[in-house]
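Tertiary structure, described
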Amino acid sequence: MPKVIFTVTNDLSYDQRMQRISSSLVSAGWEVVLVGRLRPNSKTLPNFPFATQRLKCWFDQGKWFYIEYNIRLFFWLLKQSTDVYGAIDLDTILPNFWAARWKGKVCTYDAHEYFTEVPEVVRRPRIQAVWAAIADRTIPKLKYCYTVGPALARIFSEKYGVPFRVVRNVPQAKALAESPRHLPTSDQPFILLYQGALNEGRGIEYLLAALPLLPERVQLWLAGEGDLSQSLRAQAASLGLADRARFLGFVQPHDLHTLTPKADLGFNLLENKGLSYYYSLANKAFDYVQAGIPSLQMAFPEYQALQTEHPCFFLLESLDAQLLAEQIKEILEHPSAYQQRAKACLEAAKYWTWENEERILQEVYREIAQRLAS
């Protein structure tokens, strides 16, 4: 049985993509170990069909964390016996690349984002140059690479001269409703939902600022935590939104599947602060579809392309609290448009599923297994 070790910098609890990928490869006959980090508030992991390992670090964030984690990870990897080292994103590629070189094994690369173009990196040119140099010295030497969307695959293939396949970050198929949902009546709450990290560039500040401009029955649920957790809570308090903005904290994936269908409108509002966000294809967009709820997305290329397949989104041209409030009011005032998108969600949910995407993933690792056996 071939073995692969995947490595990430999170604590594994909420990484639905890697949980899906690891489970799919186990079902395809691979032994899988998923490696992350152990944080002070890390919860006990459930019983996955694959092995897990979490490394403990002194530093929790910033450059010293990345330096420490990469060093710890490299020496841990050297002690392991495996056929494939799977680097997930640029922040774990060096230890995997060099461990694979050292032991004469295969190294794969899964790009969940355009790492050198995320806002936290773009605004720090020196740090960006370091990560760009790491990418330039490793990715062109790898044979097996894949990413989350067609746009990023084209960019990476052209930039690094190696083919990138597309394995979209979509959820497993859920039991579909028999009929599309309706807008709640005027005497019922209208629930807005954002699920994901409360980080810079996610547009959450604009959502909070738009809430006072909307009818009292409109509520906002925020499922997640992040770098802006405290400042967003302070913003909500200053706007007097204690009864209308609910901070739900970290929500486990299995609980999220129950929570999401209770909302009426999902949100994925990325600021155009770098090419990573502009060309993103977030898993939350597909999560909303599987839950049968329309969502508001930025009119970025990938979401426009999806909209031509199944028109289940409302698209926002620019991120502004006033425009956002006007868009939500328009949705409330036009139930037929909402109904059409809800119907499109049910249709799209038949096709945008992990069961379709995992075939591409398994094909990549089938090629690797054949190479190992030859």
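The notes below deal with the structure included here. (Residues numbered from 1 in each chain as written. Predicted model: local features only at pLDDT ≥ 70, side-chain atom pairs only at ≥ 80, totals over all residues. Heavy atoms only, no water.)

**Re the packing of aromatic side chains**
One pass over the full model with this rule turns up 21 aromatic pairs. Here the aromatic rings of Phe-48 and Phe-50 are separated by 4.8 Å at their centres, their planes lie at 5°, and the arrangement is stacked. Judged by relative accessible area, which is 21%, Phe-48 ranks as partly exposed. Plain terms: the ring middles of Tyr-278 and Phe-300 are 5.1 Å apart, the flat faces sit at 55° to each other, and that makes the pair tilted. Linking Tyr-278 in helix 10 (residues 275-278) with Phe-300 in the loop between strand 12 (295-298) and helix 12 (301-309), this pair joins segments that are 22 residues apart in sequence. (Phe/Tyr/Trp six-rings, centres within 6.5 Å; stacked < 30°, edge-to-face > 60°. Buried < 20%, exposed > 50% of the residue type's maximum accessible area, 1.4 Å probe, protein only. Helix = DSSP H or I, 4+ residues; strand = E, 2+ residues; numbered from the N terminus.)

**Observations concerning the sheet that holds strand 11 (residues 265-268)**
Each strand in a sheet pairs with its neighbour through backbone hydrogen bonds, running either in the same direction (parallel) or in the opposite one (antiparallel). Strand order in this open sheet of six strands is 10-9-8-11-12-13, and the pairing throughout is parallel. Looking along the sheet, the strands with just one partner apiece sit at the ends: strand 10 (245-249) and strand 13 (313-316). Strand-to-strand, the axes of this sheet are offset by a mean angle of 25°, without reference to chain direction. Of the pairings in the sheet, the one linking strand 8 (residues 190-195) to strand 9 (residues 218-223) comprises six bridges and is parallel in character. Across the sheet, residue Phe-190 finds its bridge partner in strand 9, namely Val-218. (Pairing = 2+ DSSP bridges. Axes fitted to C-alpha atoms, helices over the stretch in contact; angles between N-to-C directions.)

**A few points about the pairing of strand 11**
With burial as the criterion, each face of strand 11 is covered, one bearing Leu-265 and Phe-267 and the other bearing Gly-266 and Asn-268. Inspection of the sheet shows strand 11 paired to strand 12 by three bridges, in the parallel sense. By the bridge assignment for strand 12, Phe-267 is matched with Leu-296.

**With respect to the sheet that holds strand 2 (residues 31-38)**
Strands sit in the order 3-2-1-4-5-6-7 across an open sheet of seven strands; the sheet is parallel. The open sheet has two edge strands, strand 3 (51-56) and strand 7 (164-166), and neither has a second partner. When strand polarity is set aside, the average angle formed by the axes of neighbouring strands in this sheet is 25°.

**Focus on a nonpolar patch on the surface**
Taken together, the side chains of Trp-58, Phe-59, Trp-64, Ile-67, Ile-71 and Phe-75 define a hydrophobic patch exposed on the protein surface, amounting to about 730 Å² of accessible area. Counting through the fold element by element, Ile-67 comes out in helix 2 (residues 62-78). (Patch = residues over 30% accessible without salt bridge, like charges linked within 9 Å, V, L, I, M, F, W, Y side chains within 5 Å. Areas by Shrake-Rupley, 256 points an atom, 1.4 Å probe, with all protein chains shown as cover. Salt bridge = Lys/Arg side-chain N within 4 Å of Asp/Glu carboxyl O.)

**Quick look at helix 6 (residues 150-160)**
Taken as a whole, helix 6 has its buried residues at Ala-151, Leu-152, Ala-153, Phe-156 and Tyr-160. Where the residues of helix 6 are buried, they touch strand 5 (106-111), helix 5 (125-138), strand 6 (144-147), strand 7 and helix 12. Where helix 6 terminates, the next one or two residues include Gly-161, which has phi positive at roughly 70°. (Contact = heavy atoms within 4.5 Å.)

**A few points about the nonpolar core**
The biggest cluster of nonpolar side chains holds 74 residues, and the ones touching the most others in it are Phe-6, Leu-25, Leu-192, Phe-267, Leu-269, Leu-324 and Tyr-365. Filtering out sequence-adjacent residues up to four positions away, Leu-324 remains in contact with Tyr-206, Leu-207, Ala-210, Phe-267, Leu-269, Leu-296 and Leu-316. Membership of the second largest hydrophobic core comes to 38 residues, among which are Tyr-85, Tyr-114, Phe-115 and Phe-156. (Core = buried A, V, L, I, M, F, W, Y, C linked by side-chain atoms within 4.5 Å.)

**Here we look at the packing of helix 3 (residues 93-103) against helix 5**
It is at 11 Å that the axes of helix 3 and helix 5 come closest, and there the two elements cross at 25°. Between helix 3 and helix 5, the interaxial angle falls into the category roughly parallel. Here helix 3 and helix 5 pass one another in a crossing that is left-handed. Of the residues in helix 5, those touching helix 3 at Ile-93, Leu-94 and Phe-97 are Ile-134, Arg-137 and Thr-138. The residue inventory of the contact of helix 3 with helix 5, partitioned by class, reads four nonpolar, one polar and one charged. (Parallel < 35°, antiparallel > 145°, perpendicular 65-115°, else oblique. Left-handed = near helix turned anticlockwise from the far one by under 90°. Nonpolar A, V, L, I, M, F, W, Y, C, P; charged D, E, K, R; others polar.)

**Focus on helix 8 (residues 229-238)**
Along helix 8, the residues classified as buried are Ser-229, Leu-232, Gln-235 and Ala-236. For helix 8, the buried positions fall inside an angular range of 125° around the axis, keeping them on one side. Away from its buried face by more than 90 degrees, helix 8 exposes Gln-230, Ala-237 and Ser-238. Its buried side turned inward, helix 8 meets helix 7 (204-210) and strand 10. Following helix 8 by one or two positions, Gly-240 has its phi on the positive side, about 70°. (Arc of directions from axis to C-beta.)

**Comments concerning the side chain of Lys-3**
Of note, Lys-3 is situated in strand 1 (residues 3-7). Nearest to the buried, unbridged Lys-3 among oppositely charged side chains is Glu-31, at 4.1 Å. Setting aside residues up to four positions removed in sequence, Lys-3 forms contacts with Trp-30, Glu-31, Val-33, Ser-81, Thr-82, Asp-83 and Val-84. (Lys, Arg positive; Asp, Glu negative; His and termini not counted.)

**Looking at the pairing of strand 12**
Side-chain alternation along strand 12 places Ser-295 and Gln-297 on one buried face and Leu-296 and Met-298 on a second face that is also buried. One ladder, built from four bridges, connects strand 12 with strand 13; its direction is parallel. In the sheet register, Gln-297 faces strand 13, and the bridge partner there is Leu-315. Taking the sense of rotation as the criterion, the β-α-β connection linking strand 12, helix 12 and strand 13 turns out right-handed. (Right-handed = clockwise from strand over helix to strand, strands pointing away.)

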